[in-house]
Amino acid sequence: MTADDSFNRLDDDDYPAYTMGRAAEMLGTTQGFLRAVGEARLITPLRSEGGHRRYSRYQLRIAARARELVDQGTPIEAACRIVILEDQLEEAQRINAEYRRAAESADPTAEA
């Protein structure tokens, strides 16, 4: 990947643009917190060619949600599990809504 390719991907939420130090700084937390959410499998940072962790904006948003819970006194493992379950619920609700719309369009007389 060339420098131009990397620059063009900066708008991509999934592009791992942030080093661990920069990510921790942006979240107002420690690098240890980022390692802990990785160990809890909330996020899996990509690795640079040198083996350094790199984070995307999407991953930082997820980590920030966990940090809010931790700041409220929730243990980190529980906070990570809560965020994972919230995401699963949101996805299930989205899929359910799609099925409902598809069923209604197939049978306009069906009630929701």
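Calculation notes
- Residues numbered from 1 in each chain as written.
- Predicted model: local features only at pLDDT ≥ 70, side-chain atom pairs only at ≥ 80, totals over all residues.
- Heavy atoms only, no water.
- Axes fitted to C-alpha atoms, helices over the stretch in contact; angles between N-to-C directions.
- Helix = DSSP H or I, 4+ residues; strand = E, 2+ residues; numbered from the N terminus.
- Parallel < 35°, antiparallel > 145°, perpendicular 65-115°, else oblique.
- Left-handed = near helix turned anticlockwise from the far one by under 90°.
- Contact = heavy atoms within 4.5 Å.
- Nonpolar A, V, L, I, M, F, W, Y, C, P; charged D, E, K, R; others polar.
- Core = buried A, V, L, I, M, F, W, Y, C linked by side-chain atoms within 4.5 Å.
- Buried < 20%, exposed > 50% of the residue type's maximum accessible area, 1.4 Å probe, protein only.
- Pairing = 2+ DSSP bridges.
- Salt bridge = Lys/Arg side-chain N within 4 Å of Asp/Glu carboxyl O.

Visitor: Hey, could you run me through the packing of helix 2 (residues 20-27) against helix 4 (residues 57-71) in this one?
Guide: Two quantities define a packed helix pair, namely the angle between the axes and the distance from one axis to the other. Between helix 2 and helix 4, the least distance of the axes is 10 Å, while the angle of their chain directions is 50°. On the basis of their axis angle, the class for helix 2 and helix 4 is oblique. Helix 2 and helix 4 meet at a crossing whose hand is right-handed. Listed contacts from helix 4 to Ala23, Met26 and Leu27 of helix 2 are Leu60, Ala63, Ala64 and Arg67. In terms of residue class, the contact of helix 2 with helix 4 is made up of 6 nonpolar, no polar and 1 charged.

Visitor: Sorry, what's going on with the environment of Glu39 here?
Guide: When you line up the elements, Glu39 lands in helix 3 (residues 31-39). In this structure, the C-alpha to C-alpha distance between Glu39 and Glu77, residues 38 residues apart in sequence, is 9.1 Å.

Visitor: Where do I start with unusual backbone geometry in this structure?
Guide: A negative phi holds for most residues other than glycine; trans holds for most peptide bonds. The phi angle at Arg41 is positive, at roughly 65°, despite the residue not being glycine. The residue Arg41 is located in the loop between helix 3 and strand 2 (46-47) in this model.

Visitor: What is the right way to read the nonpolar core from this model?
Guide: For soluble globular proteins, nonpolar side chains are generally found buried alongside one another. If you look at the biggest cluster of nonpolar residues, it comprises 19 residues, and the most contacted ones within it are Leu34, Val37, Leu42, Ile43 and Tyr55. In terms of residue count, helix 4 provides more of this core than any other element does, 5 residues in total. Contacts of Val37, omitting those with residues within four sequence positions, involve Leu42, Ile43, Ala66, Ile76 and Cys80.

Visitor: Honestly, the side chain of Gln59 in this entry has me stumped. Any pointers?
Guide: Position of Gln59 among the secondary structure elements: in helix 4. Under the relative-accessibility criterion, Gln59 is labelled buried at 12%. Those residues in contact with Gln59 that sit more than four places away from it in its chain are Ile43, Thr44, Pro45 and Arg54.

Visitor: It is not clear to me how the sheet that holds strand 1 (residues 18-19) should be interpreted in this structure. Could you clarify?
Guide: One open sheet holds the 3 strands; their spatial order is 1-3-2, and the pairing between them is antiparallel. Since the sheet does not close on itself, it has two edges, and those belong to strand 1 and strand 2, each with one partner. The pairing of strand 1 with strand 3 (residues 53-55) spans 2 bridges and is antiparallel. Its bridge partner being in strand 3, Tyr18 is matched across the sheet by Tyr55.

Visitor: How should I be thinking about the pattern of salt bridges in this particular structure?
Guide: Between side chains of opposite charge, pairing is possible as soon as their charged atoms come close. Taken as a whole and assessed by the stated rule, the structure comprises 8 salt bridges. The partner of Arg61 in a salt bridge is Asp13, and the shortest N-O contact between them spans 2.7 Å. Linking Arg61 in helix 4 with Asp13 in the loop between helix 1 (3-8) and strand 1, this pair joins segments that are 48 residues apart in sequence. Accessibility expressed as a relative area gives 41% for Arg61, which makes it partly exposed. A residue is classified by how much of its surface remains accessible, and Asp13, at 28% relative accessible area, is partly exposed. Residues Glu98 and Arg94 are paired through a salt bridge, measuring 2.2 Å at the closest nitrogen-oxygen approach.

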